[in-house]
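Residues per chain are reported as follows:
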Amino acid sequence: MNTTVIEVRDLHQRYDDFEAVRGISFEVARGELYALLGTNGAGKTTTLDVLEGFHPPTKGQARVLGHDPLTERAAVRQRVGLVLQEAGFYKDLTVAETVDAWRRWTPRALERRHVLERVGLAHREAVRVAQLSGGEKRRLDLALAILGRPEVLFLDEPTTGLDPEARRNVWALVREMVAEGVTVLLTTHYLDEAEHLAQRLAIMHAGRIVTEGTLGDVVAGRGTRIAFRLPGVRPSELPYVPGLTRRSVRADGDAYAVETDEPQEDLRVLLTWAHERGLELTGLEVRRPSLEEIFLEVAETERVAA
Ligand SMILES: Nc1ncnc2c1ncn2[C@@H]1O[C@H](COP(=O)(O)OP(=O)(O)OP(=O)(O)O)[C@@H](O)[C@H]1O
């Protein structure tokens, strides 16, 4: 059944005279992972804060499991797990003591050993929190978030500071939770993380959702990329290749990416143009854009428009 677990309707959030969130709407269904992406200061954490019941929205609505997360906090709190950007641990407690302390306040809590094994911290039980690495603290955060078998997980940049292997382990855990029916709202600056985990995603910029949908939806509106290297050619020459129907040409040093709706025709034009000049397009590839490219374009376009 496709039940809505998280619902945000025309949400606005103002801090004094600054509007950090400017009317966003989205829904997340049970067992779905939805990623909120965005430039620094886009309003992601502010949106999560409202959904976590930390403060009321200035305007609009937020619902979690059908409840107002602030005024009906009691109905939501035990069913939600949080990984915040800054965790507040008692640094003098060991990992085991920290989990045990949380277990005392958590109904239906998982066994300490089990939860630490799930996040890969079982071997650090006796270590004081102050001695953990940044990545290990992040994993302890995650352990506490899943301790009470939550139906909903809010993960605010859960893998920041983790090494690549630890990130993969967290991804595997999050995937398991989603497979078990947990609903996840994730913010991340790692676009590959969103690509790997999210069923749907939104890219926010300056308080608004600029694009939203499945990865396929987000990519669909964009042109194909013809990417190559061309040392010794000035970037200004390429947009003027006769017959090129490109939407845009981006240059990064000698690396070029031509965005086009007609890849076959534009590839032919480019190859002919290069052949006539005795130039070689090295590392040539034709592909759909990556989420990272879309993200950068959204940020750039919006900045120019602002
Ligand atoms: N308590 C506050 N008082 C005033 N302004 C705030 C407050 N909290 C956040 N802001 C501002 O609101 C905007 C949105 O911040 P928010 O933390 O929601 O962004 P974000 O998308 O999570 O950013 P990041 O990716 O950098 O974590 C920023 O300009 C921030 O400076």
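In this text, all values refer to a predicted model and were calculated from it rather than measured experimentally.

A word on the site of the ligand
Neighbouring the ligand are the residues Tyr15, Phe18, Ala20, Gly38, Asn40, Gly41, Ala42, Gly43, Lys44, Thr45 and Thr46. Mapped onto the shell around the ligand, the elements with two or more residues apiece are strand S2 (18-29) and helix H1 (44-51). The leading source of residues in the shell around the ligand is H1, at three residues. Split into classes, the residues belonging to the shell around the ligand amount to four nonpolar, six polar and one charged.

Re the sheet that holds strand S3 (residues 33-38)
On the basis of which strands lie adjacent, the open sheet formed by six strands has the order S5-S6-S7-S3-S8-S9 and mixed pairing. Since the sheet does not close on itself, it has two edges, and those belong to strand S5 (80-83) and strand S9 (208-213), each with one partner. The mean angle between the axes of side-by-side strands here comes to 15 degrees, regardless of whether they run parallel or antiparallel. As paired strands, strand S6 (residues 152-156) and strand S7 (residues 183-187) are joined by five bridges and run parallel to one another. When the bridges of S7 are listed, Leu155 appears paired with Leu186. On top of the sheet, H1 reaches S3, S6, S7 and strand S8 (200-205); it is set at about 150 degrees to S7, its chief contact. Lying on the sheet, helix H5 (residues 134-146) is in contact with S5 and S6; it crosses S5 at an angle near 170 degrees.

Regarding unusual backbone geometry
In the Ramachandran plot, Arg149 falls in the positive-phi region, its phi being about 50 degrees despite a non-glycine side chain. Residue placement: Arg149 occurs in the loop between H5 and S6. Residue class for Arg149 comes out partly exposed when judged on the 17 C-beta atoms lying within 10 Å of it. A positive phi angle is found at Glu157, which is not glycine, with a value near 50 degrees.

Considering the pairing of S9
Sheet topology places S8 next to S9; five bridges connect them, and they run antiparallel. Following the sheet pairing, Ala202 is matched in S9 by Glu212. Between the antiparallel neighbours S8 and S9 lie two residues, among them Ala206 with a positive phi of about 50 degrees.

Side note on H5
Counted at 1.5 Å a residue, the expected span for H5 with its 13 residues is 18 Å, and the 19 Å between its end C-alpha atoms agrees. For H5, the buried fraction is high: ten of the 13 residues fall into the buried class. Those residues of H5 that sit buried are Glu136, Arg138, Arg139, Leu140, Asp141, Leu142, Ala143, Leu144, Ala145 and Ile146. Buried residues belonging to H5 abut S5, helix H3 (95-105), helix H4 (112-119), S6 and helix H6 (164-179).

Parameters and conventions
- Residues numbered from 1 in each chain as written.
- Predicted model: local features only at pLDDT ≥ 70, side-chain atom pairs only at ≥ 80, totals over all residues.
- Near = placed C-beta within 6 Å.
- Helix = DSSP H or I, 4+ residues; strand = E, 2+ residues; numbered from the N terminus.
- Nonpolar A, V, L, I, M, F, W, Y, C, P; charged D, E, K, R; others polar.
- Pairing = 2+ DSSP bridges.
- Axes fitted to C-alpha atoms, helices over the stretch in contact; angles between N-to-C directions.
- Contact = placed C-beta atoms within 7 Å.
- Buried ≥ 20, exposed ≤ 12 C-beta atoms within 10 Å, placed from the backbone.
- Expected span 1.5 Å × (residues − 1).

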